[in-house]
Amino acid sequence: MSRGLVVALSGGVGGAKLALGLSRILPLDELLVVANTGDDFEHLGLTICPDIDTLTYVLAGLDNTEQGWGRRDETWSFMATIASVGGADWFRLGDRDLALHVERTRRLRAGETLTEITSDITHRLGVKSRILPMSDDPVRTRVLTDSGWIDFQDYFVRQQCRPVVRKLEFDGAPKARPQPDVIEALAGKVRAIVICPSNPFISIEPILAVPGMRAAIETCDAPVVAISPIVGGTAVKGPTAKMLQELGLTVSSASVAKRYGDLLDGYIVDHGDSQGIPGKVHVTPTLMKTVADKEVLARSTLAFADSLT
Ligand code: FO1
């Protein structure tokens, strides 16, 4: 008998690793991954959804493990050609990856929702678990730097996270409707809500900023467990540590736990990262290099969550 759904909130690279572990140890219909869409943007006339796509490629076994984003066995003719005619080449779209953006954009323009398109494409690519966007309405993360507000991908990719981050906002979030199946799922039989080891500021907070999402998580009876993205006092990948510093916070697992505050019932940290964390803490290796590591962390996350009920 099903113990209920595991709802995982996830950004791209780090979150997708745990989502893969969860997908490998859970029955197909017991995992729902809610993807951040704050990183989405319009580029070269296309709607790009990096976190949905990273999750899709990882769960389909099509991901480029070295880059952490994009597809494996990729070719780059489009990029080379667009650069040769003076087009924008700062955001690298591989030929295979490009096909997905073209098709998604066509279908969005034809009136389909991001949920419908994602569900169809993930199914066609062989993903067995459900990946849902946090909302079908556009939400776009913006970053306040010393030179003013800039779009997230401008900050992240074009400027390689160099600008100092003063503030973040999620354009469109106040008016966005939460993805209805997510809200319905959270009102049903849920075993655990897992906040993946993603960047809290740019991957998880946009999801929580969608009206109704935080309330649905708070109202849900299931334990909420987060995995710290900080290991050994620094971020595994990406700008989490730099952002913590720039936003005036200590670079520690405790700072991330504080950021989530009352939302959490339990917190998972690596050895040596447990200082100053109030509440229930589970200490276990959280670095996920191999598929086995991902499965082990997924199992221990669920065992910890089960122990909290
Ligand atoms: N990240 C980069 O650092 N450079 C890129 O050129 C780049 C291209 C790209 C294309 C498609 C896609 O789905 C993701 C891509 N990413 C790239 C990753 C992505 O922008 C970020 O990792 C996320 O938005 C942060 O989670």
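First, a word on scope: everything that follows refers to the structure included in this document.

About the cut-offs
Residues numbered from 1 in each chain as written. Predicted model: local features only at pLDDT ≥ 70, side-chain atom pairs only at ≥ 80, totals over all residues. Heavy atoms only, no water. 1 Å grid on protein atoms, 1.4 Å probe; cavity = no way out; pocket = protein on both sides within 12 Å on 5 of 7 lines; lining within 4 Å. Points joined across faces, edges and corners; volume = space filled by probe spheres on them. Helix = DSSP H or I, 4+ residues; strand = E, 2+ residues; numbered from the N terminus. Core = buried A, V, L, I, M, F, W, Y, C linked by side-chain atoms within 4.5 Å. Buried < 20%, exposed > 50% of the residue type's maximum accessible area, 1.4 Å probe, protein only. Contact = heavy atoms within 4.5 Å. Near = heavy atom within 4 Å. Polar contact = N/O pair within 3.5 Å; in protein donor to acceptor, adjacent residues only side chain to side chain. Areas by Shrake-Rupley, 256 points an atom, 1.4 Å probe, with all protein chains shown as cover. Sits in = over half its atoms within 2 Å of the grid points. Pairing = 2+ DSSP bridges. Axes fitted to C-alpha atoms, helices over the stretch in contact; angles between N-to-C directions. Nonpolar A, V, L, I, M, F, W, Y, C, P; charged D, E, K, R; others polar.

Focus: the layout of surface pockets
Empty space within the largest pocket amounts to approximately 950 Å³. Taken together, 42 residues line the largest pocket, and the ones lying closest to its centre are Gly12, Val13, Trp69, Phe156 and Lys237. Contributing elements (two or more residues each) for the lining of the largest pocket: α1 (13-25), α2 (50-60), α4 (95-109), α6 (152-158) and α8 (200-209). Considering every element that reaches the lining of the largest pocket, the biggest residue donor is α2, with 5 residues. Lining the second largest pocket are 18 residues, and of these Lys17, Asp63, Thr65, Gly68 and Lys294 sit closest to its centre. Of all elements in the fold, only α1 and α2 reach the threshold of two or more residues within the lining of the second largest pocket.

Notes on the nonpolar core
Counting 51 residues, the largest nonpolar core has Val7, Leu9 and Ile195 as its most contacted members. At 5 residues, the largest contribution of residues to this core is made by α8. In this view, Ile195 contacts Leu9, Ile204, Val224, Val225, Ala226, Ile227, Tyr260, Leu263 and Leu264; residues no more than four positions away in its chain are not counted. Among the nonpolar cores identified, the runner-up in size contains 32 residues, and Leu20, Ala35, Ala192 and Ile268 belong to it.

Description of the site of the ligand
Close to the ligand lie 13 residues; Asp39, Asp51, Phe91, Arg92 and Gln153 are nearest. Arg92 places a main-chain nitrogen or oxygen 2.9 Å from an oxygen atom of the ligand. One of the side-chain N or O atoms of Gln153 is found 2.9 Å from an oxygen atom in the ligand. Protein chains bury 89% of the 530 Å² of accessible surface belonging to the ligand in isolation. Counting atoms within 2 Å of the grid points, the majority share of the ligand lands in the largest pocket. When residues of the shell around the ligand are traced back to their parent elements, those giving at least two are α2 and α6.

Here we look at the sheet that holds strand β7 (residues 148-151)
If you walk across this open sheet you meet the 3 strands as β7-β6-β8, and the pairing is antiparallel. In this open sheet, the two strands that pair with only one neighbour each are β7 and β8 (167-171). Neighbouring strand axes in the sheet, compared pairwise and without regard to direction, differ in orientation by 30° on average. Relative to β7, strand β6 (residues 140-145) runs antiparallel, the two being bridged by 4 bridges. Its bridge partner lying in β7, Arg142 is registered against Asp151. Where α8 meets the sheet, it contacts β6 and β8, and its direction lies at approximately 45° from that of β8.

Remarks on empty space enclosed by the protein
By rolling a water-sized probe across the atoms, one finds the places where empty space is left. By the definition in use, this model includes 1 cavity of 30 Å³ or more. By volume, the largest cavity is sized at about 50 Å³. Lining the largest cavity we find Ile52, Asp53, Thr56, Leu100, Arg104, Ile117, Thr118, Ile121 and Thr122. Those elements that place two or more of their residues in the lining of the largest cavity are α2, α4 and α5 (114-124). Of the residues that constitute the lining of the largest cavity, the class distribution is 4 nonpolar, 3 polar and 2 charged.

Thoughts on the sheet that holds strand β1 (residues 5-10)
Pairing between sheet strands relies on hydrogen bonds along the backbone, with the strands arranged either parallel or antiparallel. Spatial strand order, β5-β2-β1-β9-β10-β13-β14: 7 strands in an open sheet with parallel pairing. Whereas interior strands pair on both sides, the edge strands pair on one side only; in this sheet they are β5 (130-133) and β14 (280-283). The sheet shows a mean angle of 25° between the axes of neighbouring strands, taken without regard to direction. Pairing of strand β10 (residues 224-227) with strand β13 (residues 266-269), which is carried by 3 bridges, proceeds in the parallel orientation. Residue pairing across strands places Ala226 opposite Tyr267, the latter belonging to β13. Contacting β9 (190-195), β10 and β13, helix α11 (residues 253-260) crosses the sheet at an angle of about 155° to β13.

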